[in-house]
Amino acid sequence: MKISSKARMVPKYKTYYMVLFSVILMALVLTGLYQFWPHSLDEDNHGSRLPRDIQTMKSVVIKPDSPVPAVGDEYCLYHTCFDVYHCGDDDGSTRIKVYIYPYTKYIDENGVAVTLPHSKEFSQILDAIRTSPFYTTDMYDACLVVPPIDLLNQNNLRLKETAQILALLPRWNDGINHLLFNMLPGSVPEYNTTLDVDRDKAILAGGGFSSWSYRRGYDVSIPVFNPLVADVNLPHKSYL
């Protein structure tokens, strides 16, 4: 019996989403666990963890005329905006590899920092990926690529300059196979339900999606973790 190409793509499609969900779930679980674990070492005065590659950190100047990615493609699907040929090894392995760009200091022409230091939550997400079996140090061997920019809270971002940083990443390629994390999207006065940074075809793992902004079969909806409720005693209740 002849098997259609569409049928052959189904197992790889399911494997991709199972592993992608596992990576994101693991990052979120470890982020929650870290809230209860002493982690005063390797932190600055603001409570954010210092990146491990801080010693080799380089500075990049973002010029006003630097290119900007296209606005997020609202019609992206796994089959149209994702390069599956970067996933899986030649030996038949189905393990999806994830790469994190080196920590970089981005400044404008006046020497002012474009991005803030990583928040504790974002540092924990990166640590969870680095210590997972999915992590790779080879950018071109990776299936998913995570930029070194903390996008969790949009209110801390300079939108245009942040988009320009994304466009300058070595393997950006219109955002294909790039994974962005965001928990607090939108800002006054619109309060959009998705990250307002232009990101082209990048995948967004975000909180606050609406049925209109969520790209079904492509984006990943994640819960918004609030460290303020870590010490709240909630009633033990079964919802099953």
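The structure reproduced in this document is the subject of the present report. (Residues numbered from 1 in each chain as written. Predicted model: local features only at pLDDT ≥ 70, side-chain atom pairs only at ≥ 80, totals over all residues. Heavy atoms only, no water.)

To continue, consider the overall build of the protein chain. Each helix and strand in the protein chain was counted, giving 4 helices and 7 strands. Counting across all 240 residues of the protein chain, residues that qualify as buried make up 43%. Sequence-distant contacts, at least 24 apart, represent 77% of the contacts inside the protein chain between residues at least 6 apart. Just so you have it, the protein chain exposes about 14,100 Å², and 57% of that area is on carbon and sulfur atoms. (Helix = DSSP H or I, 4+ residues; strand = E, 2+ residues; numbered from the N terminus. Buried < 20%, exposed > 50% of the residue type's maximum accessible area, 1.4 Å probe, protein only. Contact = heavy atoms within 4.5 Å. Areas by Shrake-Rupley, 256 points an atom, 1.4 Å probe, with all protein chains shown as cover.)

Before going further, it helps to examine the state of the cysteines. Considering all chains together, one arrives at 2 disulfides under this definition. Covalent S-S linkage joins Cys76 and Cys81, the inter-sulfur distance amounting to 2.1 Å. A torsion of -85 degrees about the S-S bond marks the disulfide between Cys76 and Cys81 as left-handed. Judged by relative accessible area, Cys76 falls into the buried class, the value being 1%. Linked covalently through their sulfurs, Cys87 and Cys143 form a disulfide whose S-S length is 1.9 Å. One disulfide, between Cys87 and Cys143, carries an S-S torsion of 60 degrees and so falls in the right-handed class. Residue Cys87 is located in the loop between α2 (78-81) and β2 (98-100), and its partner Cys143 is located in the loop between α3 (120-130) and β4 (144-146); the two are separated by 56 residues in the primary sequence. (Disulfide = S-S within 2.5 Å.)

Turning our attention to α3. Burial runs high along α3: 9 of the 11 residues are buried. Along α3, the positions that sit buried rather than exposed are Glu121, Phe122, Ser123, Gln124, Ile125, Leu126, Asp127, Ala128 and Ile129.

In this section: the side chain of Ser213. Here Ser213 shows up in the loop between β6 (203-206) and β7 (220-221). Classification of Ser213 as buried rests on a relative accessible area of 17%. Within polar-contact distance, the side chain of Ser213 engages the backbone nitrogen of Ser210 at 3.0 Å. (Polar contact = N/O pair within 3.5 Å; in protein donor to acceptor, adjacent residues only side chain to side chain.)

What you see with β6 is no split at all: Ile203 and Ala205 on one side and Leu204 and Gly206 on the other are buried throughout. Pairing between β6 and β7: 2 bridges, direction parallel. Along β7, the bridge assignment pairs Gly206 with Ser221. (Pairing = 2+ DSSP bridges.)

What follows concerns the nonpolar core. Phe82, Ile129, Leu144, Val146 and Phe181 are the most contacted members of the largest nonpolar core, which totals 26 residues. At the level of secondary structure, the elements contributing two or more residues to this core comprise α2, β2, α3, β4, β5 (179-182) and β6. Element by element, the count of residues in this core is highest for α3, at 4 residues. In terms of nonpolar packing, the next biggest core, distinct from the first, is built from 22 residues, Tyr106, Val114, Ile149 and Trp172 among them. (Core = buried A, V, L, I, M, F, W, Y, C linked by side-chain atoms within 4.5 Å.)

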